[in-house]
Amino acid sequence: MISPFPKTQCSNLSSLLQGRIPATHLHQIHARVILLGAHHDNLIATRLIGHYPPPQALKLLRQLAEPNVFSFNAAIRVLSESGSSSSDAFRVFIQLKRRPVNANDFTYSFLLKACFKERSGICARQVHGEVVKTGFGSDGFVCNGLILAYGKAVRDLSSARKMFDEMPDKGFASCWTGLIAGLAQAGMSSDVLEMFLAMVRENVRPGDDTMVSVLSACSNLKMDEAVKWVDALELEFDADHSGCTFAAFIDLALVYLHGRLGNVERSRRRFDAMLPSGKRSVLAWNAIMGAYAHNGFPAEALSVFRLLMKDSVARPNHVTMVSVLSACAQIGDLELGRWVHCHVKYRGCKDVLQTNAILATALIDMYSKCGRTEDARQVFEEISSKDIVSFNAMIMGLAMSGEGCEALRLFSEMGVFGLAPNEGTYLGLLSACSHSGLLSQGRRIFSDMRLNTAFPPKLEHYACYIDLLARTGLIEEALETIESMPYKPNDFVWGALLSGCLLHSKPDLAQDISQRLVRADPKSSAGYVMMSNAYAGESRWGEVSGMRLRMKEKGVAKQPGRSWVSVDGVVHEFLAGLKAEDRIEEMCWALDALAKEMKAAAH
């Protein structure tokens with residue numbers, strides 16, 4: 001329709017409607033549009049439709065005498081993004097078909113977005129039929145949308161793969177990403193990595209969203225599969241891609257896989273060898289930090305984080321912060337943990353801690369392990385949609401701090417949120433009872449587990465319950481429980497019982513249990529050290545020497561004690577028997593001063 005007012009005014013009004021507009025400002029512009037009679041202009045109407053929720057958007061569409069495809073597309077997009085039913089978007093599409101207006105690639109893409117949100121296979125197939133009939137079956141943009149809808153939303157991987165195979169042009173990274181994401185969600189990890197390698201071989205550049213799915217698949221590989229894929233990726237890298245632009249993506253997968261297999265040195269070598277372009281993505285930094293944090297090298301993880309914050313163009317995300325918080329929890333770096341809390345609260349996305357349960361749970365764990373249970377509880381209370389993971393973290397935090405009764409009270413609140421306990425919940429509850437000496441409550445919880453066919457106790461639950469019995473002096477009952485459990489006792493079970501024997505002065509039984517502990521884990525020094533300490537406490541130095549001799553004969557080395565302290569933002573690590581590398585004189589002086597004060601206070 002020809003606009004009844006000058007083009008310059010039309011251009012001015014349409015430009016005012018671009019970008020984000022506050023509601024009051026939008027209403028003022030809309031009133032101006034109506035006063036000038038410009039509401040029948042398709043360009044202005046299209047932009048107005050995009051700013052309103054579905055009811056007003058549809059009303060604006062109906063007011064147009066001759067709406068074009070862009071106006072219809074704007075309405076379909078509003079419906080698809082608002083969470084409306086896909087049938088509402090299809091009704092607008094049917095109105096479009098009744099007019100002399102031809103749908104375009106955006107029309108089908110917005111319809112597919114509605115299908116995606118609703119996860120409707122019927123809807124996706126209806127759009128697919130329309131696409132074929134109207135000749136858009138070879139359009140890369142539309143095919144990408146269909147692959148994403150079939151693969152990721154509907155989980156119809158055979159249809160997604162068929163669409164992908166029939167695409168004439170596979171040069172779009174998004175079509176590979178859609179199929180890879182669908183395979184990853186279906187747990188088909190090896191298929192994901194095969195697709196990833198094929199993508200690199202076709203010189204199609206993976207995006208960060210592609211690599212997120214690839215790394216997710218890597219995390220679900222069994223250990224033997226992970227070893228196989230490390231070999232395959234390293235062979236691919238060395239054979240064809242050592243100087244390739246996309247080598248960084250293969251390196252990224254290898255950094256992650258080496259870390260998952262516990263090969264942190266190889267993981268770091270791969271990270272250091274990555275081209276600078278590969279380190280522009282935070283995924284590479286997250287992979288190496290995760291490798292360190294999850295393999296017991298928290299100080300190294302924090303060192304990489306400081307390097308990221310200082311030198312890299314990559315920006316940390318919530319995954320980065322989860323690894324940092326895990327490292328802080330391991331070494332007790334409360335200062336850095338608090339900094340992360342403030343950073344995500346004031347510089348991250350709005351209300352991120354209320355909505356991101358994973359990040360909030362990491363904070364709860366960090367505060368709990370640093371002895372700040374009240375801070376952990378505050379984070380927990382602020383989570384808007386509490387899930388079972390956040391409840392379990394808070395229960396375990398209370399257990400570690402000896403607040404067993406509070407942990408049990410929190411457990412009783414889970415039903416209010418419609419949450420059912422899982423294996424992690426029961427482990428936290430048994431740990432709470434053990435640390436707080438709540439024998440009767442622990443017995444009841446363990447008995448409930450035995451009667452619960454959904455979550456029968458596993459070996460770790462038995463170990464925790466045996467620890468409770470042993471701590472409270474019920475050594476014979478603990479032994480009976482060990483004999484009746486359907487699992488072979490491991491070092492944790494015998495270690496818990498040995499601690500109870502030593503605590504309640506049962507030396508003869510302790511000696512027998514220590515031998516069982518050694519048999520359960522021959523390479524562990526725990527059984528030897530616990531008995532040696534017990535002998536030393538009774539001044540039985542001959543037995544102490546005998547223990548040390550047996551350790552030497554069997555080649556068992558005592559794991560050195562390790563601790564960390566953060567001074568001026570720098571983490572210092574201490575190993576028993578070794579000197580600190582720097583500031584040793586200052587630290588020794590401080591320790592001597594503290595020792596003198598303690599002696600003075602004792603007198």
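Conventions adopted
- Residues numbered from 1 in each chain as written.
- Predicted model: local features only at pLDDT ≥ 70, side-chain atom pairs only at ≥ 80, totals over all residues.
- Heavy atoms only, no water.
- Phe/Tyr/Trp six-rings, centres within 6.5 Å; stacked < 30°, edge-to-face > 60°.
- Helix = DSSP H or I, 4+ residues; strand = E, 2+ residues; numbered from the N terminus.
- Buried < 20%, exposed > 50% of the residue type's maximum accessible area, 1.4 Å probe, protein only.
- Lys NZ or Arg CZ within 6 Å of the ring centre and 35° of its normal.
- Arc of directions from axis to C-beta.
- Contact = heavy atoms within 4.5 Å.
- Axes fitted to C-alpha atoms, helices over the stretch in contact; angles between N-to-C directions.
- Parallel < 35°, antiparallel > 145°, perpendicular 65-115°, else oblique.
- Left-handed = near helix turned anticlockwise from the far one by under 90°.
- Nonpolar A, V, L, I, M, F, W, Y, C, P; charged D, E, K, R; others polar.
- Salt bridge = Lys/Arg side-chain N within 4 Å of Asp/Glu carboxyl O.
- Disulfide = S-S within 2.5 Å.
- Expected span 1.5 Å × (residues − 1).
- 1 Å grid on protein atoms, 1.4 Å probe; cavity = no way out; pocket = protein on both sides within 12 Å on 5 of 7 lines; lining within 4 Å.
- Points joined across faces, edges and corners; volume = space filled by probe spheres on them.

### Brief notes about the packing of aromatic side chains
Inference 1: Within this structure, the stated rule accounts for 14 aromatic pairs.
Inference 2: Pairing Phe90 with Phe93 gives two aromatic rings, centres 6.2 Å apart and planes at 85°, and the pair type is edge-to-face. Of the two residues, Phe90 and Phe93 both sit in helix 6 (residues 86-97), three residues apart, roughly one turn of that helix. Each member of the pair Phe90 and Phe93 is classed as buried.
Inference 3: Cluster of aromatic residues (ring-pair linked, three or more members): Phe90, Phe93, Tyr108 and Phe136.
Inference 4: Note that Lys279 overlies the ring of Phe271, its terminal NZ or CZ placed 4.6 Å from the centroid.
Inference 5: The ring centre of Phe380 lies 5.3 Å from the NZ or CZ of Lys386, which sits over that ring.

### Things to note about helix 29 (residues 475-484)
Inference 1: Considered for burial, the residues of helix 29 that qualify are Ile475, Ala478, Leu479, Thr481 and Ile482. The arc that holds every buried residue of helix 29, seen down its axis, measures 160°, which confines them to one face. In helix 29, the exposed residues that point more than 90 degrees away from the buried face are Glu480 and Glu483.
Inference 2: Buried residues along helix 29 sit in contact with helix 27 (439-451), helix 28 (459-471), helix 30 (491-503) and helix 31 (507-520).

### Description of the packing of helix 16 (residues 264-273) against helix 17 (residues 282-294)
Inference 1: Two elements in contact, helix 16 and helix 17, have axes separated by 10 Å at closest approach and are oriented at 160°. With respect to helix 17, the element helix 16 is oriented roughly antiparallel. Of the two elements, helix 16 crosses helix 17, and the hand of that crossing is left-handed. Between helix 16 and helix 17, the residues in contact are Val264, Ser267, Arg268 and Phe271 and Ala284, Trp285, Ile288, Ala291 and Tyr292, respectively.
Inference 2: Its residues placed into classes, the contact of helix 16 with helix 17 shows seven nonpolar, one polar and one charged.

### Description of the pattern of salt bridges
Inference 1: Using the criterion set out here, one finds 23 salt bridges in the structure.
Inference 2: Residue Arg91 is joined to Asp88 by a salt bridge in which the shortest nitrogen-to-oxygen separation is 2.3 Å. Taken together, the residues Arg91 and Asp88, both in helix 6 and three residues apart, mark about one turn of the helix.
Inference 3: The class for Asp88 is partly exposed, based on a relative accessible area of 25%.
Inference 4: Of the charged contacts in the structure, one is a salt bridge between Asp375 and Arg338, with a shortest N-O distance of 3.0 Å. Of this pair, Asp375 sits in helix 23 (residues 373-382) while Arg338 sits in helix 20 (residues 334-346), and the two are 37 residues apart along the sequence.
Inference 5: Given the relative accessible area of 30%, Arg338 is considered partly exposed.

### Structural notes on the state of the cysteines
Inference 1: In total, this model carries one disulfide according to the counting rule given.
Inference 2: The residue that forms a disulfide with Cys115 is Cys123, at a sulfur-sulfur distance of 1.9 Å. Given an S-S torsion of about -60°, the disulfide between Cys115 and Cys123 has left-handed geometry.
Inference 3: On the accessibility criterion, Cys115 (1% relative accessible area) is buried.
Inference 4: Of all cysteine sulfurs, the one in Cys328 lies closest to Cys370, which takes part in no disulfide; the gap is 7.1 Å.
Inference 5: Of all cysteine sulfurs in the structure, the one in Cys464 sits closest to Cys433, which takes part in no disulfide; the separation is 8.6 Å.
Inference 6: For Cys433, a relative accessible area of 0% corresponds to the buried category.

### Here's the deal with helix 11 (residues 173-185)
Inference 1: Between its first and last C-alpha, helix 11 extends 18 Å over 13 residues, near the 18 Å set by a 1.5 Å rise per residue.
Inference 2: The buried count for helix 11 comes to ten of 13 residues, which makes it a mostly enclosed element.
Inference 3: Taken residue by residue, helix 11 has Cys175, Trp176, Thr177, Gly178, Leu179, Ile180, Ala181, Gly182, Leu183 and Ala184 as its buried positions.
Inference 4: Buried residues in helix 11 make contact with helix 9 (140-153), helix 10 (157-166), helix 12 (189-201) and helix 13 (208-219).
Inference 5: One or two steps after helix 11, the chain reaches Gly187, where phi turns positive at roughly 80°.

### A word on the layout of surface pockets
Inference 1: Put simply, the largest pocket is a space of about 680 Å³.
Inference 2: If you trace the largest pocket, you find 24 residues lining it, with Tyr256, Asn286, His294, Val319 and Ser323 closest to the centre.
Inference 3: Among the elements that line the lining of the largest pocket, the one with the most residues is helix 17, at seven residues.
Inference 4: Partitioning the lining of the largest pocket into residue classes produces eleven nonpolar, eleven polar and two charged.
Inference 5: Taken as a whole, the second largest pocket holds about 450 Å³ of empty space.
Inference 6: Surrounding the second largest pocket, 19 residues form its lining, Phe116, Asn144, Gly145, Leu148 and Gly178 being those nearest its centre.
Inference 7: Contributing elements (two or more residues each) for the lining of the second largest pocket: helix 7 (105-118), helix 9, helix 11 and helix 13.

### Remarks on the environment of Val282
Inference 1: Along the chain, the position of Val282 falls in helix 17.
Inference 2: We classify Val282 as buried; its relative accessible area is 11%.
Inference 3: Taking the C-alpha atoms as reference points, Val282 and Asn317, separated by 35 residues in sequence, lie 7.5 Å from one another.
Inference 4: Leave out the neighbours within four places in its chain, and Val282 touches Ala314, Arg315, Pro316, Asn317 and Thr320.

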